[in-house]
Every structure is written in structure tokens, then in C-alpha cells.
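# Inside the fold
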Amino acid sequence: MKKGKKLLALLLALAVMMAGAPYGMEVQAEEYFGDYEYEVNADGKSVSITDYNDEASTSDLVIPPVIDGKNVTAIRKNAFYGCSNLTEVTIPQTVTIIDEAAFMDCTNLKTVSIPDSVTIIGQLAFSDCSLISLTIPANVSYIGPGALSRNRAMESIKVSSKNKVYDSRNNCNAVIETKSNTLVESCKKTVIPNTVVTIGHLAFYGCSMSAMTIPASVKNIADSAFYGGSLKRVTIPSSVTDIGPRAFCYCENLESVTIPNRVKSIGDFAFFGCGFKSVTIPNSVTKIGMKAIGFYNPGSEERLAKIPGFCIYGGIGTAAEKYAKDHAFAFKALAQQNSTITCKKKSYELTYSKGKSFKIKASSSDKMKFTSSDSKVAVVDKNTGKVTVKGY
């Protein structure tokens, strides 16, 4: 069994014995079946596997459907964690729950058979394995964040066509929550369909792809969506309005990023530890989270440090300028975008940045004539002639 877990269990048991068990509390002995540790479920008729001997020599493991005359219905948290000898696992048809991190860090596990009986796959359940392909069966109704993450060799993910909660539309090699159009799991050959609205929590955690084009249907990039990935280049579409906390955190190879001019918020640590040394932040951004950009972990006792020479480009009086000043980054103001507006007044007021404006008056008796080619750039108040520039 896992020595660390056994030691902790013994220490906890000893603490209970020394303190005296509360009245009515029953201290149960651990139960074993070969290399398995298990517990009887509340129904008294089924069992859950809670641990496995990580020193067992078996590489091709067939988990028993029955232990002590009772059906095995669950594989609990961390049960097979770090069992590096395993290369293939067959899960019996009696199992309905594969819990959090159940097979995490089984670094040589290449093949796993998930039966139709399974309804729940917990977060990080198969993270950091060596799976090549996987099929999500019809009855799975919940997949936790990062369940299939960091399987860098994985080339194929499919969802049963009979599944009512998830799909893998257009042979995208990903798992998509059907109702919300949220991509929740991926592999190195994932192509994001143009119907996806959200890149989910840990969806591309540790992804091995070097380049990514996110389609224009996507509006939100969730917490830790691309955390720790190998991306060098990413194209974020203008449809995106929110970049979540840690979205691209520790994408150390990311050479540059263009933040679209509809993004309103950039979450805490969103681009922490990325490889680029400058960024342009559009005026649409009104919130920039803690250490979101321009910081990294130098690998010393000082865990948070500024990237040397980091520079932020943005508009005067914007969140970008404030963030740069708050953290003493170099800041370079972007030139204001030229615009022309039709106006019958002999003078008008131009608002060119938050809280700043100037007035222009005609120098002759002729009426001033200005033309705007794009109302997204500037608008005119027909009554006062006041012009507001929006889109630089």
C-alpha cells in the first residue's frame, strides 16, 4: 500500500486511541483483499476500493467485480494514485463511480476500459497518465475538471453517441458539455468546434499543443483553462469578453498574446509565468486581477517576481495604465485613433479618454463638417454636437 497514506492512517488511529473514542463511535479495522484495501458502503451490500499496493508487480490489472461477496461499486479518491507499474486497467461493470484522482499519476497507464455502468468520473481522475485514447460511455453524467488532463500522448477522445450530457461533435477529439457548449476535456489533436462558447476549467491543462486557434464562437476562457500548457502561439478571437483566473498561467513558451478589444476582465494570475515581455491591453479592459501579467516564479525563495524589462502598452487613463503604475512596469501610451465626425455645430467637445476632453472651434464662418465611418469608433450627440470616441 502507499506508505504515506498508511502512516497517516496509523497516526490518526493512534490519536483517536490516545484521546479516547467518543461514546458510540466505532473504530473499524482496515479491510484487505489481496493487493486491495476496501471499505463496506453504507448500504452494507457493496464496497469501495480505497487503496492499492503500488509495489505490486501487476501491469495488466483487471479489477475484481466482487470482494467479500459484495459488488465493487466505487473506486475512491487516490485509490490507485502513483501506481507506475500499471499499463492497462479493466474496470468491472459493477463500478458506477471513479472518484477524484483515482488513477492520477499512473505514469505508464496507456489503456483503460471504462464500462457503461460508470456515471461519475471525478476531477483529475486520470490526470498525468499515458493514455493514448479513451471513450466516454453513454451513462456518464458528470466529468470533473481535468479528469483527462496531462495525458500528453493522447490522440483520441470520443463520447458515446448515446450520452445525453456530453458529446464529441464533428470528431473534435474533445469532450463537450452539450447543453452549455462548454469544452471540458481535450487532447493533443483537439480541434475546437465553432459551436463552443466556453473553454472550461482545466480543459487544456498541461496540453502539449504548440499552437491554438480559438474559434469566434468562444466568449469565455475559464479558470486555468490552459494552465501549464506548451503553447507558443494562441489566437484569441474578438468574441472573448472574459479571460479567467490562471487561464494561461505557466504557459512558459507563450511568445506573445493579443488581447481582443472586447475583453472586459483579466483574472488573477491569468498570464502569470508566460514567456512574453510586452503586451497591449485594450481600453475595453476595466479589471486586471492580481499578478495577472508581467510576473513569474524565478525558482528561488522569492516565488513571485516581475519579469525584467516588461512593458505594457495601452490607453491613457485606462486599467492598463493603472496596472502598470501600480506595479512599476514600463508603460507606453498608444496613439489615439484618428476619427472624423459630421457636425453642424461651429464647435464641439471631444472626449478622448476617461475623464478627459478638449474643445474644437471653427476658425471661419463655414460650418464644420466631419464624417465618421464607424459608429463603434465615435458617436455624435445630434442635439449638442458632442462627440465621444470609443474604439481606439
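As a reminder, the structure under discussion sits directly above these lines.
All of the points below concern the structure found in this document. (Residues numbered from 1 in each chain as written. Predicted model: local features only at pLDDT ≥ 70, side-chain atom pairs only at ≥ 80, totals over all residues. Heavy atoms only, no water.)

### Here we look at the environment of Glu177
Looking at where Glu177 falls in the secondary structure, it is placed in strand S15 (residues 175-177). Judged by relative accessible area, which is 29%, Glu177 ranks as partly exposed. C-alpha separation for the pair Glu177 and Gly200, spaced 23 residues apart in sequence, amounts to 9.4 Å. In this structure, Glu177 is in contact with Val165, Tyr166, Arg169, Thr182 and Val184, ignoring residues within four places of it in sequence. (Helix = DSSP H or I, 4+ residues; strand = E, 2+ residues; numbered from the N terminus. Buried < 20%, exposed > 50% of the residue type's maximum accessible area, 1.4 Å probe, protein only. Contact = heavy atoms within 4.5 Å.)

### Considerations on the sheet that holds strand S9 (residues 111-113)
Here we have three strands laid out as an open sheet, ordered S4-S7-S9, and parallel in their pairing. Two strands bound the open sheet, and with one partner strand each, they are strand S4 (60-62) and S9. Each neighbouring strand pair of the sheet contributes to a mean axis angle of 5°, computed without reference to strand direction. (Pairing = 2+ DSSP bridges. Axes fitted to C-alpha atoms, helices over the stretch in contact; angles between N-to-C directions.)

### Considerations on the pattern of salt bridges
Inspection of the entire model under this criterion finds 10 salt bridges. When the shortest N-O distance is used, the salt bridge between Arg76 and Asp99 registers 3.5 Å. Pair noted here: Arg76 is in the loop between strand S6 (70-75) and strand S7 (88-90) and Asp99 is in the loop between strand S8 (97-98) and S9, with a separation of 23 residues, a long-range link. Here Asp99 falls in the partly exposed class, since its relative accessible area comes to 23%. Its salt-bridge partner being Asp223, residue Arg246 comes within 2.9 Å of it at the nearest N-O pair. Taken as a pair, Arg246 in the loop between strand S21 (242-243) and strand S22 (265-266) and Asp223 in the loop between strand S19 (220-221) and strand S20 (233-235) lie far apart in primary sequence, 23 residues in all. Residue classification places Arg246 among the partly exposed residues on the basis of a relative accessible area of 29%. One connected set of salt bridges, linked through shared partners, spans Glu155, Lys188 and Lys189. (Salt bridge = Lys/Arg side-chain N within 4 Å of Asp/Glu carboxyl O.)

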